[in-house]
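# Architecture at a glance
Chain by chain, the residues:
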Amino acid sequence: MKAVTWHGRRDVRVDTVPDPVIKDPGDVIIRVTSSGICGSDLHLYEVMGPFMGEGDILGHEPMGIVEEVGGEVTELTAGDRVVVPFNISCGTCFMCEQGLQSQCETTQVREHGMGAALFGYTKLYGQVPGGQAEYLRVPFGNTLPIKVPQGPPDDRFVYLSDVLPTAWQAVHYADVPKGGSLVVLGLGPIGDMATRIARHQGAGQVIGVDLVPERLQRARDNGIEVLDLLEHGNGLTEVIRGMTGGRGPDSVIDAVGMEAHGAPVAKLAQRVTGLLPDTVAAKFMQKAGVDRLTALHLAIDIVRRGGTVSLSGVYGGMADPMPMLTLFDKQIQLRMGQANVKRWVGDILPLLTDEDPLGVDGFATHRVALSDAPMAYQTFQKKQAGMVKVLLKP
């Protein structure tokens, strides 16, 4: 089959690789019909090389049609249409039963002290072949895949794999009071969707911040107040306070993570890390504070006293130092973590099976053939051509 594979920093290719096969009686094989490129895939493309292996298959946002099922699979049959969550969870352990599928005790990558394994996402998360491919082996066939109706286009359901539950959890963790105010830093796919969900759930004021004109316009077109970081720069906090009664918003979502602009020393450290031998770089990434914390520090500065910061952006190193005095003095609540996909499916799926209040049908800005994945990665990383969300079509 054809699959998108990693070969080095800013070097992804479409290779011919062996087809996946049933390895456990609980497995299913799906024929992938759509697979997203996620903003967190850019971390693999750019700075997470020390934890990658040449030829690793990328991708953690797939959906498709069941082609084959293992002998113990009773919940699915060939021909069923499914979405595959990005975190690999058994559905039956203690953590899964708590709704913490991202901490699944069956698939935790204990060798590296990490949570549940992820599709297509580094040695730290199990080095499991991902879904930017023509076919995918999915374990836990009775509990992991999300069965969805036939009929509507893939765009209606594919975001159940990651974008929708990640944004939903970010808003839930932000704990915006009914009619309250929320600032979303970063209007990529997760930030954009978080603004839509917050409005749908009753937030009174939603402000989006970014520096890419197409992203700002996209949110503005959806009725979101937007601020251009390049225009306001160091005065952004005061501008936002002026828009929120002088005290700041009730909640802030950091949907940027370590892709944040600014922090030139940390940016240089990331680049240097990419040049180190893998064994040295991996230790450096884990122990040194190479994350670019601009967005997180900004969130802490912006939020009102007694407010909540919800962190959905991915950070890859040990983020140090943290402004603990400010966090304590402002009595800020801070919530974060990988999305627990299955926990939120019951809330989200009804919004996809009738009307489309979150605008998922038109959410993708680009749909490209699997063979064009290298071009799409490059364009997405450079934030060119108005590319916000890409769907690969094997």
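Below: a short report on this structure. Every value quoted in this text rests on a predicted model; they were computed, and no experiment measured them.

## Examining the side chain of D254
As for its position among the elements, D254 is in strand 11 (residues 251–254). Summary of buried charges: D254 has no salt-bridge partner, and the nearest side chain of opposite charge, R215, is 11 Å away. Among the polar contacts made by the side chain of D254, one reaches the main-chain amide nitrogen of V256 at a distance of 2.8 Å.

## Quick notes on the side chain of S35
Inspection of the secondary structure assignment puts S35 in strand 3 (residues 28–37). In this structure the side chain of S35 is engaged in a polar contact, spanning 2.9 Å, whose partner is the backbone oxygen of G131. With near-sequence residues (within four places) excluded, S35 lies in contact with E61, P62, G131, Q132, V390, L391 and L392.

## Let's talk about the nonpolar core
Judged by nonpolar contacts, the single largest core of 70 residues is most densely connected at Y159, M193 and I253. It is helix 3 (residues 163–174) that provides the largest number of residues to this core, a total of seven residues.

## Here we look at the pairing of strand 3
Counting buried residues along strand 3, nine of its ten residues qualify, which places the element largely inside the surrounding structure. As paired elements, strand 3 and strand 4 (residues 62–69) share seven bridges and run antiparallel to each other. In the strand pairing of strand 4, S35 is matched with P62. Direction of pairing for strand 3 relative to strand 6 (residues 135–138): antiparallel, over a ladder of four bridges. Bridging across to strand 6, I30 finds its partner in L136.

## Focus: the sheet that holds strand 8 (residues 181–185)
If you trace the six strands from one edge of the open sheet to the other, you get 10-9-8-11-12-13, paired in parallel fashion. Looking at which strands have only one partner, the edges of the open sheet turn out to be strand 10 (225–228) and strand 13 (333–336). Neighbour-to-neighbour, the strand axes of the sheet open up by a mean angle of 20°, direction not taken into account. Relative to strand 11, strand 8 is paired through four bridges, and the arrangement is parallel. Bridge assignment links L185 to a residue of strand 11, and that residue is D254. Contacting strand 8, strand 11, strand 12 (308–311) and strand 13, helix 3 runs over the sheet at an angle of about 160° to strand 12. Contacts from helix 7 (residues 236–243) reach strand 8, strand 9 (205–210) and strand 10, with the element oriented near 160° to strand 10.

## Remarks on helix 10 (residues 294–302)
All buried positions along helix 10 are accounted for by A295, L296, A299, I300 and I302. At its buried positions, helix 10 is contacted by strand 8, helix 7, strand 11, strand 12 and helix 11 (324–329).

## Remarks on the pattern of salt bridges
The full count for this structure, using the stated rule, is 18 salt bridges. For the salt bridge of R9 with E46, the shortest nitrogen-to-oxygen distance reads 2.7 Å. Pair noted here: R9 is in the loop between strand 1 (2–8) and strand 2 (11–16) and E46 is in helix 1 (residues 41–46), with a separation of 37 residues, a long-range link. Residue class for R9 comes out partly exposed when judged on its relative accessible area of 41%. With a relative accessible area of 13%, E46 lands in the buried category. With its nearest N and O atoms 3.8 Å apart, the salt bridge here joins D301 to R241. Here the residue D301 occupies a position in helix 10, and R241 occupies one in helix 7, the gap between them amounting to 60 residues. What makes R241 partly exposed here is its relative accessible area of 23%.

## Remarks on the packing of aromatic side chains
This model, assessed by the stated rule, comprises three aromatic pairs. The interplanar angle of 35° and the centroid separation of 5.5 Å between the aromatic rings of Y45 and Y377 together place this pair among those described as tilted. Of the two residues, Y45 sits in helix 1 while Y377 sits in helix 13 (residues 373–381), which places them 332 residues apart along the sequence. What makes Y377 buried here is its relative accessible area of 0%. Positioned above the aromatic ring of Y173 is the side chain of R335, whose terminal nitrogen or guanidinium carbon lies 3.8 Å from the ring centre.

How each quantity is defined
- Residues numbered from 1 in each chain as written.
- Predicted model: local features only at pLDDT ≥ 70, side-chain atom pairs only at ≥ 80, totals over all residues.
- Heavy atoms only, no water.
- Helix = DSSP H or I, 4+ residues; strand = E, 2+ residues; numbered from the N terminus.
- Buried < 20%, exposed > 50% of the residue type's maximum accessible area, 1.4 Å probe, protein only.
- Lys, Arg positive; Asp, Glu negative; His and termini not counted.
- Salt bridge = Lys/Arg side-chain N within 4 Å of Asp/Glu carboxyl O.
- Polar contact = N/O pair within 3.5 Å; in protein donor to acceptor, adjacent residues only side chain to side chain.
- Contact = heavy atoms within 4.5 Å.
- Core = buried A, V, L, I, M, F, W, Y, C linked by side-chain atoms within 4.5 Å.
- Pairing = 2+ DSSP bridges.
- Axes fitted to C-alpha atoms, helices over the stretch in contact; angles between N-to-C directions.
- Phe/Tyr/Trp six-rings, centres within 6.5 Å; stacked < 30°, edge-to-face > 60°.
- Lys NZ or Arg CZ within 6 Å of the ring centre and 35° of its normal.

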